[in-house]
Structure formats: structure tokens, C-alpha cells
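# Working through the structure, step by step
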Amino acid sequence: MMRFRTIEYDQNKNEIIILDQTALPNKEVYLHLRTAEDVYHAIRNMKVRGAPLIGVTAAYGVALAARHGGSDLAGQACDLLNSARPTAVNLSWALGRMRNRLRHAPEPCEELLAEARAIETEDKEACTRIGAIGSGLIKDNCRIMVHCNAGALATTGIGTALGIIYTAKQQAKDLTVYSCETRPLLQGARLTSWELTRNGVRTFTICDGMAAAFMDRMDIVIVGADRIARNGDVANKIGTRGLAIIARYHGVPFYVAAPLSTFDLTLASGTQIPIEERDPDEVRVFTDRPIVADEAEIHNPAFDITPAGLITGIINERCVLEPPYEKTIQDIDSV
Ligand code: MRU
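Please read all numbers here as calculations on a predicted model, not as lab measurements.

## Brief notes about the site of the ligand
Near the ligand there are 18 residues, and of these Arg49, Arg85, Asp226, Asn236 and Lys237 occur at the shortest range. In the model, an oxygen atom of the ligand is placed 2.7 Å from a nitrogen or oxygen of the arginine 49 side chain. Across the complex, the protein chains shield 99% of the 420 Å² of accessible surface that the ligand would expose by itself. Sorting the residues of the shell around the ligand by element identifies helix H2 (51-82) and strand S9 (234-237) as the ones contributing at least two each. Among the residues making up the shell around the ligand, the classes are represented as eight nonpolar, six polar and four charged. Each of domain 1 (7-127) and domain 2 (134-334) accounts for three or more of the residues forming the shell around the ligand.

Structural data, given as C-alpha cells:
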């Protein structure tokens, strides 16, 4: 269904090819990453983005470094890549797997590549399962609000929140999606509208400030996640928390879709999740033009925390978790 690939590893050339997400929707540009530093900058500058995809990309970055300089370079690559972005736990989770494999690898090159491929395959499968499970919540003629991009562009599969939408569409359900533009970097406007419309999904892009005005005509809100704490608090793109509050006010169910690799059971609550603060110029400058008075200060947190109490359910590759999340998340292994 998808007519693009977010990432590909070329074993002959030992390079990672990524779709440059900063160039979308105007240009479909593929970049060739040849060193761990290239991979670091691609993640840091959000040429690749989305929690599951940065985990997969970093894993291939370690495999690539091992081919250049064996275990030593691979270990250094793990440290470097882990510092690229702090909030999405999929990054440190994937690098933890690579480190673990490295520790026990007599043949690091082959084994690290096999681990990176396994992480990619599992990501694809998780997306497909999330789509199958989550599509059960989507009825015919459904109007769905989404935020940021939790789609195929954020993963190596069909996406999480958008994977549910693609699966429901394949089941011949008629759907309309309202995609919040997602200031400051416009993942909703630039990326979600691009991939949904390419896949034949009717999509309205709305400014973030319009969400409340449209909420009373929504059937459901579905968003992705970058990290989920043990109590069910969710870190996701800035603006998600506001949507959850608006949805609660209007009685619209608010779902989070995320693979188990996004859960961080070491953290008791969302207050412990590190929130990335990005360059103020992302807010100050809009399409190369300053739009804020020079004297004004700027906040630019890339994520916010949605309290578990506002979340109707968390769709993952095994089930739909429901409150009380302290208990249902803990019991997930028995599902
Ligand atoms: O800063 P981004 O674009 O990487 O943020 C992405 C999100 O917030 C997504 O909702 C999240 O990573 C889930 S992607 C399946």
C-alpha cells in the first residue's frame, strides 16, 4: 500500500538510505547516511523522526559503525546516537538491544546487522497488529482526529495511529480524518496529510487552534506516543495534552496507539519523562521569515504529558489496555 520506504539499509555500500522528512510534502528526497555521525544528525534534525523509526534508524547506525570499526566504533555509536533525542524511549530501547548484542557478539558485524533487521521486522509486525486490533474501534462513517504524524512515516510499517486508519479503510469503512497541523514543525500538515491522501484517505488539515471548534463532530481521537510511563501517562507531540482535555470536555473517546517498545516501565509517572526542548528558532522563524519580535522569549518543548486519566485506551500489538493502567500495564505479559 505504501509507495515509499522510510528507511533501507544497503549492505553492499554499507549505507542507510532515508526519506528526508524535512523536504516533504514538496519533494521526495532520499539521503544516504554513511557514518554514525550522519545518522546522529539525521535523527537530531528530524530528517527521520517518529519514535519507532528513530529506534530502527539508530540500530542500523550501530550496525553500520561496526562495519567501519568493529566493536569499538559500534560502542561509540551507541553512546552518540543515544544522545540524539531524549523523549522517545524507542531510541534508547533499540540501542539497549544493540549494546546487549554487542556484549555477547563474537562476530559483531553480522550479529548487529541481524539485530537491527529484527528490530525493523518487529516494528513492521507491531504496526500491522495495532492496525488489526485498533480498527475494531472504528465504525463506518467515522470522523477521526489525529495529531502530529504517527503514520507509516514514523515507522517501518503502516504506522500506529494511522495504521489503524489504513486497516479500517481496507475493511471498506468510510472515514474522514481531521489532522491537526502540529506547530512548530508541522508534522500533521506536511506529513500526515501527505501520506493519508496518497493512500486515498479523505483528510482535512486544521490549524491546532481549530481543534476545539471541530471536536463536537468527532467520533474518536487517536494519537501516537513517544514514551508511556507505568501509570499510563503518555508523552507525545506538544499539543496532545490539549486535545485530550478538549476530547474529554466533548465526551469524545481519546485513544493512544503505540507498540510495547514505547512503554517505559522504569518510570512511575509522566513527571519523570524527559521532555526535549528544541531550538527557539523553530517557533521564531516560519518558512524562513522571523514572525516573533526579537525581544520576545520563546518556549519550545517538543512533547507534553497527557495524564492517564484522560486516556480511554492504549492500543498496542497485543490488546487495548484500559484503566486502571497501573494494573493493566503491569499485567500485559499475561495477555
Ligand atoms: O518530534 P517527532 O515528529 O519525532 O514526534 C513524533 C510523535 O510525537 C509521534 O506521535 C510519536 O513518535 C509516535 S510515532 C508512531
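## Examining the domain arrangement of the chain
Domain boundaries in the chain define domain 1 (7-127) and domain 2 (134-334). Here the C-alpha centre of domain 2 lies 24 Å away from the C-alpha centre of domain 1. At the interface, 28 residues of domain 1 touch 32 residues of domain 2. Glutamate 276 serves as the salt-bridge partner of arginine 44, at 3.2 Å between the closest nitrogen and oxygen. At the level of elements, H2, helix H3 (89-103) and helix H4 (108-134) are the ones that each hand at least two residues to the side of domain 1 that touches domain 2. Tallying contributions element by element places H4 first for the side of domain 1 that touches domain 2, with five residues. Looking at the side of domain 1 that touches domain 2, its residues break down into 15 nonpolar, six polar and seven charged.

## Thoughts on the packing of helix H5 (residues 161-170) against helix H6 (residues 187-198)
Their axes nearest at 11 Å, the elements H5 and H6 cross at an angle of 20 degrees. Regarding the angle of H5 to H6, the classification is roughly parallel. Once H5 is placed against H6, the crossing between them reads as right-handed. From H5, Leu162, Ile165 and Tyr166 reach across to H6, where they touch Thr192, Glu195 and Leu196. Grouping the amino acids of the contact of H5 with H6 by side-chain chemistry returns four nonpolar, one polar and one charged.

Definitions and limits used
- Residues numbered from 1 in each chain as written.
- Predicted model: local features only at pLDDT ≥ 70, side-chain atom pairs only at ≥ 80, totals over all residues.
- Heavy atoms only, no water.
- Near = heavy atom within 4 Å.
- Polar contact = N/O pair within 3.5 Å; in protein donor to acceptor, adjacent residues only side chain to side chain.
- Areas by Shrake-Rupley, 256 points an atom, 1.4 Å probe, with all protein chains shown as cover.
- Helix = DSSP H or I, 4+ residues; strand = E, 2+ residues; numbered from the N terminus.
- Nonpolar A, V, L, I, M, F, W, Y, C, P; charged D, E, K, R; others polar.
- Domains from an automatic or database assignment.
- Contact = heavy atoms within 4.5 Å.
- Salt bridge = Lys/Arg side-chain N within 4 Å of Asp/Glu carboxyl O.
- Axes fitted to C-alpha atoms, helices over the stretch in contact; angles between N-to-C directions.
- Parallel < 35°, antiparallel > 145°, perpendicular 65-115°, else oblique.
- Left-handed = near helix turned anticlockwise from the far one by under 90°.

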